[in-house]
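Reading the structure
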Amino acid sequence: MHAGLPLDGKTALITGVSRRRGIGYAVAVKLASLGASVAIHHHREHDLTQPWGGDELDAVREGIRVHLRQGAQFTDVGADLSTADSIGTVIDAGEALTGTLDILVCNHAKSGGDGSILDMTPERLDAHWDVNARATLLLTAEFARRKTPGTGEPRRPGEHIVGDKPYAAPRGHVFWMTSGQLHGPMRGEVAYATSKAALAGITPTVAAELLELGVILNTINPGPVNTGYMDPDTTDRPLEGLNDWVATTPFGRVGRPQDPAELIGWLATSAGSWVVGQVLTSDGGFSLG
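Figured I'd write up the structure that's included with this text. (Residues numbered from 1 in each chain as written. Predicted model: local features only at pLDDT ≥ 70, side-chain atom pairs only at ≥ 80, totals over all residues. Heavy atoms only, no water.)

1. With respect to the sheet that holds strand β3 (residues 74-78)
Judged by pairing direction, the sheet is parallel, and its seven strands sit side by side in the order β3-β2-β1-β4-β5-β6-β7 without closing on themselves. In this open sheet, the two edge strands, each paired with only one partner strand, are β3 and β7 (279-281). Across the sheet, the axes of successive neighbouring strands diverge by a mean angle of 20 degrees, strand direction being ignored. Pairing geometry for strand β2 (residues 37-42) and β3, over five bridges, is parallel. When the sheet's bridge partners are listed, histidine 41 is paired in β3 with valine 77. Relative to strand β1 (residues 11-14), helix α1 (residues 23-33) is tilted by about 175 degrees, and along the sheet it contacts β1, β2, β4 (103-106) and β5 (172-177). (Pairing = 2+ DSSP bridges. Helix = DSSP H or I, 4+ residues; strand = E, 2+ residues; numbered from the N terminus. Axes fitted to C-alpha atoms, helices over the stretch in contact; angles between N-to-C directions. Contact = heavy atoms within 4.5 Å.)

2. Observations regarding the nonpolar core
If you look at the biggest cluster of nonpolar residues, it comprises 32 residues, and the most contacted ones within it are Ile14, Leu31, Val38 and Ile64. Sorting the residues of this core by element identifies β1, α1, β2, α3 (57-65), β4, β5 and α8 (258-267) as the ones contributing at least two each. For this core, the leading source of residues is α1, giving eight residues. Of all hydrophobic cores here, the second largest spans 26 residues; its members include Ala39, Leu104, Ala133 and Leu210. (Core = buried A, V, L, I, M, F, W, Y, C linked by side-chain atoms within 4.5 Å. Buried < 20%, exposed > 50% of the residue type's maximum accessible area, 1.4 Å probe, protein only.)

3. Some words on the pairing of β1
The alternating pattern of β1 places Thr11 and Leu13 on one face and Ala12 and Ile14 on the opposite face, and all of these are buried. Note: β1 against β2, four bridges, orientation parallel. Each residue of the ladder has a partner; that of threonine 11, found in β2, is serine 37. Taken together, β1, α1 and β2 constitute a β-α-β crossover, and its handedness is right-handed. Of the pairings in the sheet, the one linking β1 to β4 comprises three bridges and is parallel in character. Looking across to β4, one finds that alanine 12 is bridged to isoleucine 103. (Right-handed = clockwise from strand over helix to strand, strands pointing away.)

Encoded structure:
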């Protein structure tokens, strides 16, 4: 153990970590550097269908392991989160690493197969909903159930959650990822934006319920972050004029995966634990202009 590290003794599970260019990878590295044991979920098969392709999972694993502090542990699990049966498997893998799970970062997302409102079909909407919204809610529900006091009395659906308040410290942290659809249109990404907007909209409700269990939920909007989709060779969209436009922004760049990772890292510590139930935009001011 590294005495004094803010996440020493904590265990974090980060979903959607299959590429070293991704936000999930940057979050895993950050939490490891703060002392946490780290479990990652990946679904490389999804990346292989995208223009940026799939990364080598051994390189992903090793890139995280080198940031682990003394005594911290690492594991990974592959699963297709569009299948509801995978939820328990993923949470089990995170919990089995050290026997407890303290931090859940729902970073996974479905890319591709979207369209404008004229392109919407039940299949397109369901595909994005199942991965981006449903899986996030189910992962959070399973995480929370394992923090629920065992009263022996079955709960009725909708019955208010009752915990063991007050809590001297948080008993867990959950992070969701949304997008910038609250700040402006996302043309051609109706299914994706819908699923992500649902998470932003339900954040206060779920945060209030989780807080009864001592679990803190915040949702992060990282703004435009180049995870490879803004590179000419691996983009999934037109890039004409992008560099000229970015040059006019205050920092002259789009986000890097490390930018939201730094925010999540701080929020996961005791120093950031007074921030509860917020949808936080960390975008270098893009939403202002």
